[in-house]
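Structural characterization, general
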Amino acid sequence: MTTETSPRTGHRTKPRAQAGGPGGTEAGSGAAPGGGAGSGAGSSAYGESLADVYDLLYPAAGPAVDSMVAFLQELRPAPASLLELGVGTGRLAIPLARHGYRVHGVDASPAMLAKLRENDPEGRVTASVGDFGALAVEERYDLVLIALNTFFMLPTQDQQIACLRGIHEALADGGAAVFETYNPQVYHRLTEATTRVGHLAPDALLIDTVQVNRSLQSALVVHTIMGPGGLRKVPEVSRYAWPAEFDVMARLAGLRVTGRWADWDRSPVTDQAEKHVYVVERQSV
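A brief structural summary.

The rules behind the values
Residues numbered from 1 in each chain as written. Predicted model: local features only at pLDDT ≥ 70, side-chain atom pairs only at ≥ 80, totals over all residues. Heavy atoms only, no water. Salt bridge = Lys/Arg side-chain N within 4 Å of Asp/Glu carboxyl O. Helix = DSSP H or I, 4+ residues; strand = E, 2+ residues; numbered from the N terminus. Buried < 20%, exposed > 50% of the residue type's maximum accessible area, 1.4 Å probe, protein only. Pairing = 2+ DSSP bridges. Axes fitted to C-alpha atoms, helices over the stretch in contact; angles between N-to-C directions.

Quick look at the pattern of salt bridges
What the rule picks out here adds up to ten salt bridges. A salt bridge links Arg 266 to Glu 74, with the shortest nitrogen-to-oxygen separation between them at 3.7 Å. Linking Arg 266 in the loop between strand S10 (255-261) and strand S11 (275-282) with Glu 74 in helix H3 (residues 63-75), this pair joins segments that are 192 residues apart in sequence. Take Arg 266: its relative accessible area is 26%, and that puts it in the partly exposed class.

So, the sheet that holds strand S5 (residues 171-182)
Read from one edge of the open sheet, seven strands run S3-S2-S1-S4-S5-S11-S10, paired in mixed fashion. What marks the edges here is a single partner per strand, and that holds for strand S3 (126-129) and S10. If you compare each strand with its neighbour and ignore which way they point, the axes differ by 20° on average. Across five bridges, the pairing between strand S4 (residues 141-146) and S5 is parallel.

Overview of the sheet that holds strand S6 (residues 194-201)
Pairing in this open sheet of four strands is antiparallel, and the strands run S6-S7-S8-S9 from one edge to the other. The outermost strands of the open sheet, each flanked by one partner alone, are S6 and strand S9 (230-239). Across the sheet, the mean angle from the axis of one strand to that of its neighbour is 20°, orientation sign disregarded. Bridge count for strand S8 (residues 218-227) against S9 is ten bridges, and the pairing is antiparallel. Bridge assignment links Ile 225 to a residue of S9, and that residue is Arg 232.

Rendered as structure tokens:
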């Protein structure tokens, strides 16, 4: 057993615990963002199980959030319309709305959206319960954001392609989609279970155990929360896609990757990068 990073955070252990599952990242994509429950019954169960502690796992302020906002402002400035998939408790959506974006969020977890409403008393962000793996929206958006590795929470390649097709239909002319994912290389190289431990609160401990199935490109994270209320275990599964595979899936959905970086600061991708930030647009006819 070793102590390592987790797919969700993509970051080294810090004094304060950050969740360690594949659905997001401490920086989306996880968490990220919002980075809430994204698609289907599994994601809904994840969100329902963690909604009460999600804001402790992923703080809603700090340099990571600021750099994400700056990245999007450069890409498509406010007051652009923005759709966030896996909006969670509003970690990214609320700051974006405060910067002038017209934000709508989709999440599979009603409990996550209830926390979003608590965090957003002004009602700047609109939201709806939905499965982004079968995305159907009436409006088209200048930006679609899917942060905190939430895209990888779709458990099959077919579902990931279906999501990309839904994003294609949701994009306005000249729009762009932005994905924040963990770098598959970081976790594909793991050959044994890894564990990380951190303090969630003064009276609560968070233990994340990560197991990777390299042949299936999947990562299983079990979040164990130990506190006054007892012990709670929440499993989370992600299916990672290699950059070349992501490019092909995007093309199958009528999209093309126009940029890929190692972080919101547009630093270049390396094998050691802990995450990837993709910009995707509609293919030219």
